[in-house]
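Coordinate analysis (summary)
One letter stands for each residue in the lines below.
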Amino acid sequence: MAAQNLQSVPDQPAAPQEANAGQGQGQLEADGQAYFDRVMADDSRIEPKDWMPAAYRKTLLRQISQHAHSEIIGMQPEANWISRAPSLKRKAILMAKVQDEAGHGLYLYSAAETLGQSRDQMMDDLIAGKARYSSIFNYPALTWADMGAIGWLVDGAAICNQVPLCRASYGPYGRAMVRICKEESFHQRQGFEILLELSNGTPAQKQMAQDAVNRWYAPALMMFGPPDDDSPNSKQSMAWNIKRFSNDELRSRFVGMMVEQVRVLGLTLPDSEVRFNEDTRKWEHGPLDWNEFKEVLAGRGPCNSQRLERRRQAHDDGAWVREAAASYAAKQVNKQKEYAA
Amino acid sequence: MSPHGNPEEPASAAAEIKHEAPKASPAPAPEDHHGGNVWPLWEVFVRSSRGLSHVHAGSLHAPDAAMALRNARDLYTRRNEGVSIWVVPADAIASSDPDAKGAFFESPQGKDYRHATYYTKSEGVKHL
């Protein structure tokens, strides 16, 4: 995260503006575009007060806010298991993880705010069902082993996706991702450990671990987004140095890592077609159900309505806290004024 | 320009100033659907250990300074990242204009003689 909001401070009256006052809007746009293009060519960074194309701003705002919403909604499948975690240590770890997700959401909302939309507006959009978030969080967490599979596969896929985003061309987004990636690695390791312990436990426990891996594998692979030939925005995002690698490229890398790691777990991936293609030097996987992906994104997944309802309820339940805090703050300001007078 | 920059030569040519982006596309003002009841924005600075300065860590919304400090602790120091926190209302910070950086930061340009590396004749001389 970082200095992004320092730049969102209201502009100081600037001399160059006056100098440019005689120029037409078209010239300003052209100069701005030339500057922006040079930043892209140099693989440098755009900061909040820089000129940027409207479409670049819109793309980033959509991506960062969706990312923030995913962190916030992503708290739910795991929060669901805090009270049922098998030991006090596991509870404490799970709480720390859920708290991290909340933090990641807040870093990202801050980054999105530098693009000109308020956090409250983004929250409203989420609650109204107008905003999207990662489809993965619309699947249920059925057993304790799901906490392992979510950490290992879902957070693993997220890390794979997010590490290159640390170099995204938009400064505030990249800085938020650096902070998030640092914290995320504990999430994946703790998931791996949960699965490893179950796998080394009773046959029933091992079966529970395998079942969770079976259910989360395909949705985790789909987290990287549609195949490259069906991902119309990818090219532009890569030209803008937001995305560094294509969806399929990242997915293939992820599969390769999982193939190694699942052996250590003593489990298997539910995919008989996983193989390393010697010609392309890339990992390949079996077909994924992209219709299911689209259905879940469109709001018809197993838990979409439950997740949104829970978010709405939490927002409403917290209203009195927000109001009390605001009115206390206002009272203190008034008291200070009276004291000063 | 000579390898070390010629102090006689103006550092920023006119062409360089023109490279600065104009403010053609200002960010739209945040919409407020909450009756002006939006919590103010605070910038958070964290001192990671004694002897180091506070460094900007990020920002957050809070109704007052006390809440901002508590929230900053929960948001930015969950892993012992700090021994001290400052929170500053974002609108209390004056910032230089990024569009004017060419002119604003012109003075040190080309003044390499302000760096020790400018002086090469003493190379090899010990303790210098």
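Remember, it's a predicted structure, so these values are computed and weren't measured experimentally.

Points about the overall build of chain B
Scanning chain B from N- to C-terminus turns up three helices and three strands. In chain B, the order of α-helices and β-strands from amino to carboxyl end is α-β-β-α-β-α. The buried share of chain B, taken over its 128 residues, is 33%. Considering only contacts in chain B between residues 6 or more positions apart, those separated by 24 or more positions represent 50%. Taken as a whole, chain B presents about 8,400 Å² of accessible surface, with 56% of it coming from carbon and sulfur.

Considering the overall build of chain A
Check the secondary structure of chain A and you find 14 helices and two strands. Looking at chain A as a whole, 51% of its 341 residues are labelled buried. Nonlocal contacts in chain A, meaning residues at least 24 apart in sequence, comprise 77% of its contacts between residues at least 6 apart. With the model as given, the accessible surface of chain A reaches about 15,900 Å², and the carbon-plus-sulfur share is 54%.

Structural notes on the confidence of the model for chain A
All names here are of chain A. Of the residues in chain A, 93% have a pLDDT of 70 or more, and the chain-wide mean is 91. Looking over chain A, one finds the lowest element-wise mean pLDDT in helix α1 (residues 15–20), namely 42, and the highest in helix α9 (residues 203–222), namely 98. The low-confidence segment residues 1–21 (pLDDT under 50) makes 53 contacts with residues lying over four places distant or belonging to another chain.

Focus on the side chain of R251 of chain A
All names here are of chain A. If you trace the backbone, R251 turns up in helix α11 (residues 247–265). For R251, a relative accessible area of 1% translates into the label buried. Once you skip the residues sitting within four places of it in the chain, R251 turns out to touch L221, M222, F224, G225, P226, P227, H285, L288 and W290.

Overview of the packing of aromatic side chains
Residues and elements named next belong to chain A. Considering all chains together, one arrives at 14 aromatic pairs over all chains under this definition. Consider the rings of F36 and W51, whose centres lie 6.3 Å apart with planes at 75°: the pair is edge-to-face. With a gap of 15 residues between them, F36 in helix α2 (residues 25–41) and W51 in the loop between α2 and α3 (54–73) connect regions that are remote in the sequence. Taken as a pair, F36 and W51 share a single burial class, namely buried. Each ring, one from F36 and one from Y56, has its centre 4.9 Å from the other, and the planes form 75°; the classification is edge-to-face. You can see F36 sitting in helix α2 and its partner Y56 sitting in helix α3, a full 20 residues away along the chain. For F36, a relative accessible area of 1% puts it in the buried group. On the accessibility criterion, Y56 (0% relative accessible area) is buried. Over the ring of W81 we find R84; its NZ or CZ atom is 4.4 Å from the centre of that ring.

Some words on the nonpolar core
Residue and element names in this part refer to chain A. Residues Y56 and W152 are the most contacted members of the largest nonpolar core, which totals 92 residues. At eleven residues, helix α7 (residues 144–162) tops the list of elements feeding residues into this core. What Y56 contacts, discounting residues up to four positions off in sequence, is F36, M40, I46, S169, Y170, W240 and I242.

Each value, and the rule that gives it
Residues numbered from 1 in each chain as written. Chains lettered and ligands numbered in written order. Predicted model: local features only at pLDDT ≥ 70, side-chain atom pairs only at ≥ 80, totals over all residues. Heavy atoms only, no water. Helix = DSSP H or I, 4+ residues; strand = E, 2+ residues; numbered from the N terminus. Buried < 20%, exposed > 50% of the residue type's maximum accessible area, 1.4 Å probe, protein only. Contact = heavy atoms within 4.5 Å. Areas by Shrake-Rupley, 256 points an atom, 1.4 Å probe, with all protein chains shown as cover. pLDDT = per-residue confidence, 0-100. Phe/Tyr/Trp six-rings, centres within 6.5 Å; stacked < 30°, edge-to-face > 60°. Lys NZ or Arg CZ within 6 Å of the ring centre and 35° of its normal. Core = buried A, V, L, I, M, F, W, Y, C linked by side-chain atoms within 4.5 Å.

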